[in-house]
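# Geometric and topological summary
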Amino acid sequence: MNLRDTLKINSAGVLEIGGAAATELVKSFGTPLYVLDEDYIRKVCRAFVKTMNEEYGDGNVCFASKALSCMAMYKLIGDEGLKADVVSGGEMYTALRAGFKGADMYFHGNNKLPKEIELAVSNGVRIIVVDNLMELPIIDSIAKKYSVLQKVLVRVNPGVEAHTHHFVQTARADSKFGCSIALGEADIVIDAVKEYSNLDYHGLHCHIGSQIFDKTAYIIAIDKMTSFIKALEDRGIITNELNLGGGFGIYYTEEDPKYTVDDYSEYVATVARGVKSMIETKQIRKPVLTIEPGRAIVGEAGITLYSAGMIRDIKDIKKYVAIDGGMFDNPRYALYNSKYSAVIANRANAPADEIVTIAGKCCESGDIISKNVKLAKVEEGDIIAVFSTGAYNYSMSSNYNRNLVPPVVLVKDGKADYIVRPQSYEDLVRHDVIPARLK
Ligand SMILES: Cc1ncc(COP(=O)(O)O)c(C=O)c1O
């Protein structure tokens with residue numbers, strides 16, 4: 001557990017988030033339930049923005065909204081002065097419906113659809129992050145239609161791949177995203193941008209990985225990116241913006257460091273100082289610096305509350321605790337073997353002396369929330385709180401097995417409000433049609 005002032009165990013031994021006891025939340029909203037801590041989200045946003053301003057000056061913090069896209073989230077991050085990165089027409093539409101301005105959005109994607117590009121251009125999206133050569137004529141022609149000079153960043157692979165405690169430097173360019181600097185693809189795309197009258201080469205983007213704690217990975221990426229900016233400048237091409245993507249790590253289990261909000265400030269400061277010092281050394285024009293954290297902003301702000309159901313103890317082999325959720329609210333184990341920590345929220349002080357596998361209710365053996373979780377002895381009906389589920393859980397949810405996507409509540413000072421309402425069975429059949437020939 002990475003407890004904090006808004007995530008604690010109260011005097012009754014109950015887990016409390018944002019001042020609301022998990023037991024009360026469950027009484028009001030049922031399970032499974034996504035719970036988000038508003039104060040924590042705001043604190044992390046403020047730390048990122050303040051540090052960027054103090055350490056770099058001309059910078060943007062952009063929420064990678066793929067981590068959690070819903071209208072209230074765009075409202076919240078907009079209030080805190082963040083911009084948003086969107087990767088689909090759906091995310092863009094959600095942001096626009098929340099009143100978020102196109103001028104504060106970055107549009108990403110390795111295969112942007114013409115109708116998505118049109119939505120972006122017609123709503124004045126600040127930047128389109130170009131991923132490959134083929135999309136240039138499409139963006140250009142749509143920009144022409146709207147008489148827009150569309151600013152673009154070119155997404156490049158600097159040859160650094162990072163994850164948690166490891167990073168590798170590689171000239172291998174087997175990513176489905178972006179153009180390799182080492183293989184010369186980046187130069188080709190940047191030169192090509194210059195050929196289109198409605199595209200404006202504004203700068204570079206890279207994203208080196210996710211759940212990164214080793215800051216050295218960023219420093220190496222910054223070195224490679226600034227060297228590339230220098231090489232472009234020597235060819236007369238000015239880079240006005242450098243976007244270093246996201247990837248800042250969060251606490252999932254005991255294997256991860258417990259970062260505080262101040263640690264995130266330090267993290268951003270390291271990146272900002274790294275860029276500043278390298279642009280000075282290499283004598284290049286100072287670009288606007290942008291970062292795109294997703295997980296670090298909402299990951300630890302979220303917990304999911306489940307009710308424990310069937311318990312299957314396979315003697316001397318494994319103990320499964322089945323919950324009323326599963327891969328339809330959190331597919332990350334199925335996708336990446338992700339690990340989580342958890343607690344019995346109604347008896348949060350009970351010693352965690354069992355190792356269990358928290359399993360979902362879907363018809364898939366891979367439907368696991370997390371393996372080998374330390375928990376107190378679970379009884380049917382206990383509330384199991386799984387930590388750090390704010391990022392890439394709701395946004396990756398589905399109706400697999402026609403389960404209902406759980407609602408999301410935002411809590412602050414003990415008050416909880418829906419930001420995503422519960423689904424009903426009727427919602428599941430709303431778009432179903434039985435053609436006449438089957439009737
Ligand atoms: C381009 C880009 N930016 C930002 C992010 C956010 O990463 P994270 O949530 O790890 O901060 C991602 C995640 O995949 C990404 O692909």
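## A few points about the overall build of the protein chain
Helix and strand counts for the protein chain come out as twelve helices and 24 strands. The principal-axis extents of the C-alpha atoms in the protein chain amount to approximately 70 × 60 × 40 Å. For the protein chain, the residues scored as buried account for 48% of the 439 residues in total.

## Focus: the environment of Asp-432
Tracing the chain through its elements places Asp-432 in the segment after α12 (425–429). What makes Asp-432 exposed here is the crowd of 6 C-beta atoms within 10 Å. The spacing of Asp-432 and Gly-325 is 107 residues in sequence and 24 Å in space, taken between C-alpha atoms.

## Comments concerning the domain arrangement of the protein chain
For the protein chain, the assigned domains are domain 1 (7–30 + 302–429) and domain 2 (38–298). Here domain 1 and domain 2 have C-alpha centroids that lie 32 Å from each other. Tallying the contact residues gives 17 residues for domain 1 and 15 residues for domain 2.

## Re the site of the ligand
Surrounding the ligand, one finds 16 residues, the nearest of these being Ala-64, Ser-210, Gly-246, Gly-294 and Arg-295. Looking at the shell around the ligand residue by residue, the class counts come to six nonpolar, seven polar and three charged.

## Here we look at the nonpolar core
Ranked by internal contacts, the top residues of the largest apolar core, which has 136 residues, are Val-154, Leu-305, Ile-384 and Ala-385. Considering each element in turn, this core owes the most residues, eight residues, to helix α8 (residues 215–234). For this core, the two domains that each supply at least three residues are domain 1 (7–30 + 302–429) and domain 2 (38–298). Residues contacting Ile-384, with those up to four places away along its chain left out, are Tyr-306, Ala-308, Ile-323, Ala-342, Ile-344, Ala-345 and Ile-358.

## Description of helix α2 (residues 38–55)
For α2, which comprises 18 residues, the first-to-last C-alpha distance of 26 Å matches the rise-based estimate of 26 Å (1.5 Å per residue) to within 8%. Among all positions of α2, only Glu-38, Tyr-40, Ile-41, Lys-43, Val-44, Cys-45, Ala-47, Phe-48, Thr-51 and Met-52 are buried. Those residues of α2 that are buried are in contact with β4 (33–37), β5 (59–64), α3 (71–79), α9 (261–282), α10 (295–298) and β23 (408–412). Backbone geometry just downstream of α2 places Gly-57 in the positive-phi region, at approximately 95°.

## Brief notes about the sheet that holds strand β3 (residues 20–21)
Across the sheet, which stays open at both edges, the three strands sit in the order β1-β2-β3 with antiparallel pairing between neighbours. If you trace the sheet from one side to the other, it starts and ends with β1 (7–9) and β3, each paired once.

## A short note on the packing of helix α5 (residues 114–122) against helix α6 (residues 135–145)
The geometry of α5 relative to α6 is characterised by a closest axis approach of 10 Å and an angle of 45° between their N-to-C directions. With respect to α6, the axis of α5 lies oblique. Crossing handedness for the pair α5 and α6: right-handed. Between α5 and α6, the contacting residues are Pro-114, Ile-117, Glu-118 and Val-121 on the first element and Ile-138, Ile-139, Ile-142 and Ala-143 on the second. Taken together, the residues of the contact of α5 with α6 sort by class into seven nonpolar, no polar and one charged.

## What to know about the pairing of strand β13 (residues 199–205)
In terms of residue burial, β13 counts as a mostly covered element, since six of its seven residues are buried. In terms of strand pairing, β13 meets strand β15 (residues 241–243) through three bridges, oriented parallel. For His-205, the partnering residue across the bridge sits in β15 and is Asn-243.

## With respect to helix α7 (residues 185–194)
When α7 is considered as a whole, its buried residues turn out to be Ala-186, Val-189, Ile-190 and Val-193. The buried residues of α7 occupy an angular sector of 95° when projected down its axis, which confines them to one face. Seen from the open side of α7, the exposed residues pointing more than 90 degrees away from its buried face are Ile-188 and Lys-194. Those residues of α7 that are buried are in contact with β8 (127–130), α6, β9 (150–157), β12 (179–180), β13 and α8.

## Things to note about unusual backbone geometry
Residues Thr-31 and Pro-32 are joined by a peptide bond in cis, for which omega reads -10°. Mapping Pro-32 onto the fold places it in the loop between α1 (22–29) and β4. Residues other than glycine seldom take positive phi values, yet Asn-372 does so here, at roughly 50°. Within the secondary structure, Asn-372 sits in strand β21 (residues 368–375).

## Overview of the environment of Arg-155
Looking at where Arg-155 falls in the secondary structure, it is placed in strand β9. When the 24 C-beta atoms within 10 Å are taken as the criterion, Arg-155 is described as buried. In this structure the C-alpha to C-alpha distance between Arg-155 and Phe-177, which are 22 residues apart in sequence, comes to 7.6 Å.

Criteria and cut-off values
- Residues numbered from 1 in each chain as written.
- Predicted model: local features only at pLDDT ≥ 70, side-chain atom pairs only at ≥ 80, totals over all residues.
- Helix = DSSP H or I, 4+ residues; strand = E, 2+ residues; numbered from the N terminus.
- Buried ≥ 20, exposed ≤ 12 C-beta atoms within 10 Å, placed from the backbone.
- Domains from an automatic or database assignment.
- Contact = placed C-beta atoms within 7 Å.
- Near = placed C-beta within 6 Å.
- Nonpolar A, V, L, I, M, F, W, Y, C, P; charged D, E, K, R; others polar.
- Core = buried A, V, L, I, M, F, W, Y, C linked by C-beta atoms within 7 Å.
- Expected span 1.5 Å × (residues − 1).
- Pairing = 2+ DSSP bridges.
- Axes fitted to C-alpha atoms, helices over the stretch in contact; angles between N-to-C directions.
- Parallel < 35°, antiparallel > 145°, perpendicular 65-115°, else oblique.
- Left-handed = near helix turned anticlockwise from the far one by under 90°.
- Arc of directions from axis to C-beta.

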